[in-house]
Every structure is written in structure tokens, then in C-alpha cells.
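Chain by chain, the residues run as shown.
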Amino acid sequence: QVQLVESGGGSVQAGGSLRLSCAASGRTFSNCNMGWFRQAPGREREFVAVITRSGAYAYYADSVKGRFTISRNNADNTVSLQMDSLKPEDTAVYYCAADDVAVGDSDVYYSTNTYDYWGQGTQVTVSS
């Protein structure tokens, strides 16, 4: 099992930056693809970014391409989301999620159903 704890959320003006971090516990971290999702009030949880186990590949939602960067450090079991050029539309609770490849489920990276473990979320608020 993997436990995930997000940090780094807060309030920022449009055009600013934030860096979110997700600290994972568990020896299976390196066997997990790691994703970030977000959920705004009254909205469905949506895919933001994912990085593969080795960090070799990353995929982003069109809405954040060129602005957000996902990274991971398997040595300290962390995954980060660098968010630049933030927009008010980015306001949401951001969740870290782990897709344990040992668990037989979907490989659709943008689907919440693919992920087996979730953090509690961290609030990001972007003001105009």
C-alpha cells in the first residue's frame, strides 16, 4: 500500500507559480505511475498530469501543457507538480494519485479509476 500526502498549495495571483509536492510512503512507490488530478467545486475530478514509474514519460492535460511540469524522485518517494503561469481556471483542490502496476486495473492514464491510492488534496487558489 501507498500513503500519499500533498503539500504546497496556497493562494497566488494570476501569472504566479506554485510547486506542489506529494510525499509517499510504502515500498511500492517505484512501481507506481504517479498522477495529479484536480477538482473544482461542483466539478468532476479531472486529470492534470502523470509520470511513469521511471520518470521517463509524462503526459499532461491540454489545459496545462506548457505551464505545468510533473517530476518524481524515487530516491525519496516524492512527486512534484511545478505550476507556472497560473490562471484562475486552475483553482481547485489538487490530488496526488498512485497507479500501482501490480493492481490489475485500467491503463487509461487520464481516468480516476486507474489509480489505486489518493492523497487528501491540497487547495490551490488563483486570483485574478
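About the criteria used
Residues numbered from 1 in each chain as written. Predicted model: local features only at pLDDT ≥ 70, side-chain atom pairs only at ≥ 80, totals over all residues. Heavy atoms only, no water. Core = buried A, V, L, I, M, F, W, Y, C linked by side-chain atoms within 4.5 Å. Buried < 20%, exposed > 50% of the residue type's maximum accessible area, 1.4 Å probe, protein only. Helix = DSSP H or I, 4+ residues; strand = E, 2+ residues; numbered from the N terminus. Pairing = 2+ DSSP bridges. Disulfide = S-S within 2.5 Å. Phe/Tyr/Trp six-rings, centres within 6.5 Å; stacked < 30°, edge-to-face > 60°. Lys NZ or Arg CZ within 6 Å of the ring centre and 35° of its normal. Salt bridge = Lys/Arg side-chain N within 4 Å of Asp/Glu carboxyl O.

Draft legend 1. Structural detail: the nonpolar core. Leu 4, Met 34, Trp 36, Leu 81, Met 83 and Tyr 94 are the most contacted members of the largest nonpolar core, which has 34 residues in total. Secondary-structure elements contributing two or more residues to this core are strand S3 (18-25), strand S4 (32-39), strand S5 (46-51), strand S7 (68-73), strand S8 (78-83), strand S9 (92-100) and strand S11 (122-127).

Draft legend 2. Examining the pairing of S8 more closely. Sheet analysis places S3 next to S8, joined by 6 bridges and oriented antiparallel. Across the sheet, residue Leu 20 finds its bridge partner in S8, namely Leu 81. Summarising the sheet, S7 and S8 pair through 6 bridges and their orientation is antiparallel. By the bridge assignment for S8, Ile 70 is matched with Leu 81. The loop that links S7 with its antiparallel partner S8 comprises 4 residues; one of these, Asn 77, has a positive phi angle of about 60°.

Draft legend 3. The arrangement of the pairing of S5 in detail. The element S5 is largely enclosed, with a buried count of 5 among its 6 residues. Sheet analysis places S4 next to S5, joined by 5 bridges and oriented antiparallel. Its bridge partner being in S5, Arg 38 is matched across the sheet by Glu 46. Between S4 and S5, which follow one another and run antiparallel, lie 6 residues, and Gly 42 among them has a positive phi close to 75°. Examined bridge by bridge, S5 and strand S6 (residues 58-60) share 3 bridges and lie antiparallel to one another. In the strand pairing of S6, Ile 51 is matched with Ala 58. The loop that links S5 with its antiparallel partner S6 comprises 6 residues; one of these, Gly 55, has a positive phi angle of about 85°.

Draft legend 4. Representation of the state of the cysteines. This model, assessed by the stated rule, comprises 1 disulfide. For the unlinked cysteine Cys 32, the closest cysteine sulfur is that of Cys 96, found at 9.7 Å. Under the relative-accessibility criterion, Cys 32 is labelled buried at 0%.

Draft legend 5. A look at the packing of aromatic side chains. For the structure shown, the criterion picks out 7 aromatic pairs. A ring pair is formed by Tyr 115 and Trp 118, whose centres lie 6.0 Å apart and whose planes are at 65°; its orientation type is edge-to-face. When its relative accessible area of 6% is taken as the criterion, Tyr 115 is described as buried. Through a chain of ring-to-ring contacts, three or more aromatic side chains come together here, namely Phe 37, Phe 47, Tyr 59, Tyr 109, Tyr 110, Tyr 115 and Trp 118. Directly above the aromatic system of Tyr 95 lies the positively charged group of Arg 45, at a separation of 3.7 Å from the ring centroid. The aromatic ring of Trp 118 is capped on one face by Arg 45, whose charged end is 4.9 Å from the ring centroid.

Draft legend 6. Seen up close, the pattern of salt bridges. Across all of its chains, the model carries 4 salt bridges by this definition. Glu 46 is the partner of Arg 38 in a salt bridge, and the nearest nitrogen-oxygen pair spans 2.7 Å. Take Glu 46: its relative accessible area is 36%, and that puts it in the partly exposed class. Between Asp 90 and Arg 67 there is a salt bridge; the shortest N-O distance is 2.7 Å. Taken together, the positions of Asp 90 in the loop between S8 and S9 and Arg 67 in the loop between S6 and S7 put the pair 23 residues apart, joining distant regions of the chain.

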